[in-house]
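A structural walkthrough
This is what each chain is made of:
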Amino acid sequence: MTKKMVLRCQFDGGQRKTLDGLTSSSTIRQLQEAIYQLTSIPQSIQRVMCGYPPKTIDFANPDTLLESSIIRSGDVLIVENQKVLDNSKSSSLASNCSRKLVRKVVPADNSCLFASLSFVLFNSEINADDLRVLAAECIAADPITYNDAFLGKSNTDYCLWLKQKDHWGGAIEINVLSTQNEIEINVADIQSGRMDVYGENKNYHKRVFLLYDGIHYDAIGLEENGVITKTVFHTSDVNIQIEALALAEDAKKKRQYTDLAGFTLRCLVCSTPLTGQSQAQQHAKITGHINFGEV
């Protein structure tokens, strides 16, 4: 049965637009024509990727139906001008030979998220504790969005809890600080291989990257000749996103992650043994104890 394909294109500096008129029975040729109409990039020099990690779509057989390709409804198609890409690669090949993305390890002291964000956003010039307080203040200033149901406790209690240095930050704080700094924050999850993008639909022009191992965040930066020289990238730089996912994949092969579904914990308040994140959350709900250590 023919189904409508909901697809978006990312192109030309990170702008995103929706492709109209395509269905599961549309062909690769029709997809390329629709991309041309939207982006003005001729079919002969289109390079299109989709999925995570992004994979290049094969245009060898233009009569292939979309339902038989790697494309799925809901995908964001990354569209590049192959001619421009080739020219850029050839002109920078020599200078890039010693450049690579690396993991910047930060202390595992319950403030790893804020320390990592301090490094990638401000080159550590702003204290991690200040970022923690800033996140709490932003949440306190918007009790409608960050209400009791959303936070799992009152806005006031949550903000008091967050300001304590022995408590972790997570997705809520990443989203808050993405909005506050008007920058996209990409988090590469080692275990799942997923890239979680905060601020994705807000047309920010810059992005930073973090690496998440299940319980700990580290920063990601571009190293040149042994020194990290860059942590903020343009949202149109798709190759950096691919490299960040490759960094996460390498860490996964080395099993540098914690399985939240199966790892064992101990409550540091009452010493109760627990297995997995769900048991820890249930224990916290019943007892009010929120300090855990991995066994």
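An unreviewed UniProt entry lists the protein chain under the name Ubiquitin thioesterase OTU, with Hydra vulgaris given as the organism.

Before going further, it helps to spend a moment on the overall build of the protein chain. For the protein chain, the helix and strand inventory stands at nine helices and 15 strands. Here the protein chain holds 295 residues, and the buried ones make up 42% of them. Across the protein chain, contacts joining residues at least 24 apart in sequence account for 60% of those joining residues at least 6 apart. Of the roughly 15500 Å² of accessible surface on the protein chain, 50% is carried by carbon and sulfur atoms.

What follows covers the environment of N175. For N175, the position within the fold is in helix 7 (residues 171–181). Among the residues examined, N175 registers a relative accessible area of 30% and is labelled partly exposed. Setting aside anything within four residues of it in sequence, one finds N175 in contact with Y146 and Y198.

What follows deals with the pairing of strand 13 (residues 264–267). The side-chain alternation of strand 13 yields one buried face, formed by L265 and C267, and one unburied face, formed by T264 and R266. Pairing geometry for strand 13 and strand 14 (residues 273–275), over three bridges, is antiparallel. Looking at the pairing, T264 lines up with T275 of strand 14. Between the antiparallel neighbours strand 13 and strand 14 lie five residues, among them S271 with a positive phi of about 70°.

Before going further, it helps to spend a moment on the side chain of D75. Note on placement: D75 falls in the loop between strand 4 (55–56) and strand 5 (76–81). The side chain of D75 is buried and forms no salt bridge, while R72, the nearest opposite charge, is found at 6.6 Å. Here R72 takes part through its backbone nitrogen, which lies 2.8 Å from a polar atom of the side chain of D75. Here D75 is in contact with V6, L7, R8, C50 and I70, once residues within four sequence places are set aside.

Further remarks concern the packing of helix 4 (residues 128–140) against helix 6 (residues 155–162). Running from N to C, helix 4 and helix 6 cross one another at 175°; their axes reach a closest spacing of 9 Å. Overall, the two elements helix 4 and helix 6 adopt an arrangement that is roughly antiparallel. For the pair formed by helix 4 and helix 6, the contact residues are R132, A135, A136, I139 and A140 on the first element and N155, Y158, C159 and L162 on the second. Grouping the constituent residues of the contact of helix 4 with helix 6 by class yields seven nonpolar, one polar and one charged.

Okay, unusual backbone geometry next. Phi at N203 takes a positive value of approximately 60°, unusual for a residue other than glycine. Relative to the helices and strands, N203 resides in the loop between strand 8 (195–198) and strand 9 (206–212). We classify N203 as exposed; its relative accessible area is 55%. The backbone of S271 shows a phi angle near 70°, a positive value even though the residue is not glycine.

Moving on: the packing of aromatic side chains. Overall, the coordinates contain four aromatic pairs when judged by the stated rule. Ring centres of Y146 and F150 lie 5.7 Å apart, and the angle between their planes is 70°; this geometry places the pair in the edge-to-face category. Look at Y146 and you get buried, because its relative accessible area is 10%. Look at F150 and you get partly exposed, because its relative accessible area is 47%.

The element helix 3 (residues 112–122) is largely enclosed, with a buried count of ten among its eleven residues. Regarding helix 3, the residues found buried are C112, L113, F114, A115, S116, L117, S118, F119, V120 and L121. Following helix 3 by one or two positions, N123 has its phi on the positive side, about 55°.

Quick look at the packing of helix 3 against helix 7 now. The interhelical angle for the contact between helix 3 and helix 7, taken along N-to-C directions, is 25°, at an axis separation of 12 Å. Judged by the angle between their axes, helix 3 and helix 7 are roughly parallel. In the crossing of helix 3 with helix 7, the sense of the turn from one axis to the other is right-handed. On the side of helix 3, the interface is formed by L113, F114, L117, L121 and F122, while helix 7 contributes E173, I174, L177 and N181. For the contact of helix 3 with helix 7, the residue count by class is seven nonpolar, one polar and one charged.

Moving on: the pairing of strand 5. With respect to burial, strand 5 is a largely interior element, five of its six residues being buried. Bridge count for strand 1 (residues 7–11) against strand 5 is three bridges, and the pairing is parallel. Bridge assignment links C9 to a residue of strand 5, and that residue is L77. As defined by bridge partners, strand 3 (residues 46–50) adjoins strand 5 across four bridges and the pair is classed as antiparallel. Each residue of the ladder has a partner; that of V48, found in strand 5, is V79.

Each value, and the rule that gives it
- Per chain, residue numbering runs from 1 following the sequence as it is written.
- Reporting of local features is limited, given that this is a predicted model, to residues whose pLDDT is at least 70; pairs of side-chain atoms are given and counted only at 80 or more, and all residues count toward the totals for whole chains, interfaces and linings.
- The side-chain numbers reported here are obtained from all heavy atoms of the structure, hydrogens and water having been left aside.
- Each helix corresponds to a stretch of at least 4 residues labelled H or I by DSSP, and each strand to a stretch of at least 2 residues labelled E; elements are numbered beginning at the N terminus.
- Think of it in three bands: with a 1.4 Å probe and only protein chains considered, a residue is buried below 20% of the maximum accessible area for its type, exposed above 50%, and partly exposed in between.
- The contact definition used throughout considers only heavy atoms, calling two residues in contact when any of these lie within 4.5 Å.
- Working definition of accessibility: Shrake-Rupley area with a 1.4 Å probe, residue cover restricted to the visible protein chains.
- Pairing between strands requires that DSSP locate at least two bridges from one strand to the other.
- Counted as positive: Lys and Arg. Counted as negative: Asp and Glu, with His and the chain ends omitted from the count.
- Counted as salt bridges are all cases of a side-chain nitrogen of Lys or Arg within 4 Å of a carboxyl oxygen of Asp or Glu.
- Whenever two N or O atoms come within 3.5 Å, that pair is a polar contact, provided that in protein one can donate a hydrogen and the other can accept it, and provided that, for residues adjacent in sequence, both atoms are side-chain atoms.
- Axes here refer to lines fitted to C-alpha atoms; in helices the fit is confined to the stretch in contact. Angles between the N-to-C directions go from 0 to 180 degrees.
- Small angles under 35 degrees read as roughly parallel and large ones over 145 as roughly antiparallel, with 65 to 115 read as roughly perpendicular and the rest as oblique.
- Residue type decides the class: Asp, Glu, Lys and Arg count as charged, Ala, Val, Leu, Ile, Met, Phe, Trp, Tyr, Cys and Pro as nonpolar, and the leftover types, Gly among them, as polar.
- Aromatic pairing here means that ring centres of Phe, Tyr or Trp (its six-membered ring) are within 6.5 Å. Orientation follows from the plane angle: under 30 degrees is stacked, over 60 is edge-to-face, and everything else is tilted.
- Should the near helix be turned counterclockwise from the far one by less than a right angle, the crossing is left-handed, whereas a clockwise turn marks it as right-handed.

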